[in-house]
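Overview (structure and organization)
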Amino acid sequence: YIIIIRMLLSICDSFIFVLACQVILCAYIMTDVILCLARKGIKPKVLYGLTFLIALHPNISNMVVTLWRDVPFSFFALWLVCLLLHYCNGDKSKFYYIKLYVASVGMAVIRSNGFIPFVLLIIILLCFYVKKDKKLLLFMMASVLSVFLIKVPGQNICGVIENTGN
């Protein structure tokens with residue numbers, strides 16, 4: 001998370017820019033979740049109500065503008081669940097694998113223990129889906145390589161110290 005914040009601050013030296021990026025990411029993920037529900041056949045009235053409640057709920061508003069790594073981790077996890085639901089239903093959009101890559105790598109690198117659900121995701125996909133979909137194998141290889149490069153040399157170069165739990 002610190003690497004991402006440092007990268008964003010190198011683009012524009014303002015925490016408002018970092019918060020704007022987080023708000024845009026949240027809006028995109030929430031839109032994707034609502035579209036996923038729409039594809040599942042949820043009535044438009046329910047979707048409008050859900051969208052309205054999400055937009056006006058004070059806790060969600062506060063969370064979106066909080067610089068705390070649990071917030072984007074939760075958004076990435078929610079997005080990943082939505083994308084896996086798309087995959088299981090067979091409705092993959094043009095940019096599906098890119099979205100899956102961003103969501104899984106984001107979840108793995110935002111928190112130090114985000115690596116655990118990432119590894120479980122890779123194992124599940126390897127066991128059940130790779131034989132049917134070769135693009136998925138490429139996605140998994142790119143994801144694992146990216147997470148390794150960010151976790152090992154990336155954190156060392158940026159001087160990030162892992163939380164030891166003390």
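Criteria and thresholds
Residues numbered from 1 in each chain as written. Predicted model: local features only at pLDDT ≥ 70, side-chain atom pairs only at ≥ 80, totals over all residues. Heavy atoms only, no water. Helix = DSSP H or I, 4+ residues; strand = E, 2+ residues; numbered from the N terminus. Buried < 20%, exposed > 50% of the residue type's maximum accessible area, 1.4 Å probe, protein only. Contact = heavy atoms within 4.5 Å. Phe/Tyr/Trp six-rings, centres within 6.5 Å; stacked < 30°, edge-to-face > 60°. Lys NZ or Arg CZ within 6 Å of the ring centre and 35° of its normal. Core = buried A, V, L, I, M, F, W, Y, C linked by side-chain atoms within 4.5 Å. Salt bridge = Lys/Arg side-chain N within 4 Å of Asp/Glu carboxyl O. Disulfide = S-S within 2.5 Å. Patch = residues over 30% accessible without salt bridge, like charges linked within 9 Å, V, L, I, M, F, W, Y side chains within 5 Å. Areas by Shrake-Rupley, 256 points an atom, 1.4 Å probe, with all protein chains shown as cover. pLDDT = per-residue confidence, 0-100. Axes fitted to C-alpha atoms, helices over the stretch in contact; angles between N-to-C directions. Nonpolar A, V, L, I, M, F, W, Y, C, P; charged D, E, K, R; others polar.

Each helix and strand counted, the protein has 8 helices and 0 strands in total. For the protein, the residues scored as buried account for 33% of the 166 residues in total. When contacts within the protein are restricted to residue pairs at least 6 apart in sequence, those whose partners lie at least 24 apart make up 66%.

This part takes up the packing of aromatic side chains. Inspection of every chain in the model, using the stated rule, returns 5 aromatic pairs. Aromatic pair Phe115 and Phe118: ring centres 6.2 Å apart, planes at 35°, arrangement tilted. Here Phe115 pairs with Phe118, and both are found in helix α7 (residues 115–128), just 3 residues apart, close to one helical turn. An aromatic cluster is present here, built from Tyr28, Phe76 and Trp79 joined pairwise through their rings. Taking NZ or CZ as reference, Arg111 lies 5.5 Å from the ring centre of Phe73, over its face.

For Ser143, the position within the fold is in helix α8 (residues 134–158). Given the relative accessible area of 0%, Ser143 is considered buried. Non-local contacts of Ser143, meaning those with residues more than four positions away in its chain, are made with Tyr101, Ser104, Val105 and Phe118.

What follows is about the nonpolar core. Ranked by size, the top nonpolar core spans 31 residues in total, and within it Leu100, Leu136 and Phe139 carry the most contacts. Looking at this core, the elements with two or more residues in it are α2 (15–39), α5 (70–89), α6 (96–110), α7 and α8. Residues within four places of Leu100 in sequence aside, it is in contact with Leu80, Leu83, Leu84, Leu136 and Phe139.

Here we come to the pattern of salt bridges. A side chain of one charge can pair with a side chain of the opposite charge if their charged atoms are brought near each other. For the structure shown, the criterion picks out 1 salt bridge. Residue Lys99 is joined to Asp32 by a salt bridge in which the shortest nitrogen-to-oxygen separation is 3.6 Å. Linking Lys99 in helix α6 with Asp32 in helix α2, this pair joins segments that are 67 residues apart in sequence. Take Lys99 and Asp32: they sit in the same class, and that class is buried.

Right, let's get into the state of the cysteines. Tallying each qualifying case throughout the model produces 0 disulfides. Not engaged in a disulfide, the cysteine Cys36 finds its nearest cysteine sulfur in Cys82; these two sulfurs lie 3.5 Å apart.

With that out of the way, let us pick up a nonpolar patch on the surface. Taken together, the side chains of Ile116, Leu120, Ile123, Ile124 and Phe128 define a hydrophobic patch exposed on the protein surface, amounting to about 510 Å² of accessible area. Looking at the secondary structure, you find Ile124 in helix α7.

Moving on: the confidence of the model for the protein. Taken as a whole, the protein shows an average pLDDT of 80; of its residues, 84% reach a score of 70 or greater. By mean pLDDT, the top-scoring element of the protein is α6 (88), and the lowest-scoring one is helix α4 (residues 58–64) (68).

Another point: the packing of α6 against α7. The geometry of a pair of packed helices is captured by two quantities: the angle between their axes and the separation between those axes. Between α6 and α7, the shortest axis-to-axis distance is 7 Å and the interhelical angle comes to 145°. The segment α6 lies against α7, with Ser104, Met107 and Ala108 engaging Phe115, Pro117, Phe118 and Leu121. Class assignment for the residues of the contact of α6 with α7 results in 6 nonpolar, 1 polar and no charged.

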